[in-house]
Amino acid sequence: MIEITEYEAELINDQFGILPGNRYEFLLFIDVPEDDELFHENGVYVRVLFKVDGDQKEILSYTLHERSENKALDFELEEDELALLENFCMQHYEEIL
């Protein structure tokens, strides 16, 4: 199971106002067990695009990256890992405003 060790987040400015709700970009730095296929010696982070529109809160997309080179990784998270990220974003997006 992955663990979020640190994060960065920002509100994405929709300068034209054409998208409903707000979008947030989270960079979630995760700790991955060595026996996990996602493990990389230099670390891994997840770039998450998170949408909040009234009561609707959801992950729109995510990509995994190798930390030192910012290289995108071709992996998908398991449902429980994705739920962990979504819950984290739900708990922290209001800190950005």
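None of these values were measured; they are calculated from a predicted model.

**Things to note about the overall build of the chain**
Regarding its fold elements, the chain presents 1 helix and 5 strands. Helices and strands appear in the chain in the N-to-C order β-β-β-β-β-α. The globule rule puts the C-alpha radius of gyration for 97 residues at 13 Å, and the 14 Å found for the chain is close to it. Here the C-alpha coordinates of the chain stretch approximately 45 × 25 × 20 Å along the principal axes. The burial tally for the chain puts 34% of its 97 residues in the buried class. Considering only residue pairs separated by 6 or more positions, the chain has 49% of its internal contacts joining residues 24 or more positions apart.

**Examining the sheet that holds strand E2 (residues 22-31)**
Pairing is antiparallel in the open sheet, where 5 strands are placed in the order E1-E2-E3-E4-E5. In the strand order of this sheet, the two ends are held by strand E1 (3-12) and strand E5 (71-73), each with one partner. Strand-to-strand twist across the sheet, computed as the mean angle between neighbouring axes with direction ignored, equals 30°. With 9 bridges connecting them, E2 and strand E3 (residues 44-53) associate as antiparallel partners. Within E3, the position partnered with Arg-23 by the bridge is Lys-51.

**Looking at the confidence of the model for the chain**
For the chain, mean pLDDT is 93; residues scoring 70 or higher make up 99% of the total. The lowest-confidence element of the chain is E5, averaging 93 in pLDDT; the highest-confidence one is E3, averaging 97.

What counts and how
- Residues numbered from 1 in each chain as written.
- Predicted model: local features only at pLDDT ≥ 70, side-chain atom pairs only at ≥ 80, totals over all residues.
- Heavy atoms only, no water.
- Helix = DSSP H or I, 4+ residues; strand = E, 2+ residues; numbered from the N terminus.
- Rg over C-alpha atoms; globule rule 2.2 N^0.38 Å.
- Buried < 20%, exposed > 50% of the residue type's maximum accessible area, 1.4 Å probe, protein only.
- Contact = heavy atoms within 4.5 Å.
- Pairing = 2+ DSSP bridges.
- Axes fitted to C-alpha atoms, helices over the stretch in contact; angles between N-to-C directions.
- pLDDT = per-residue confidence, 0-100.

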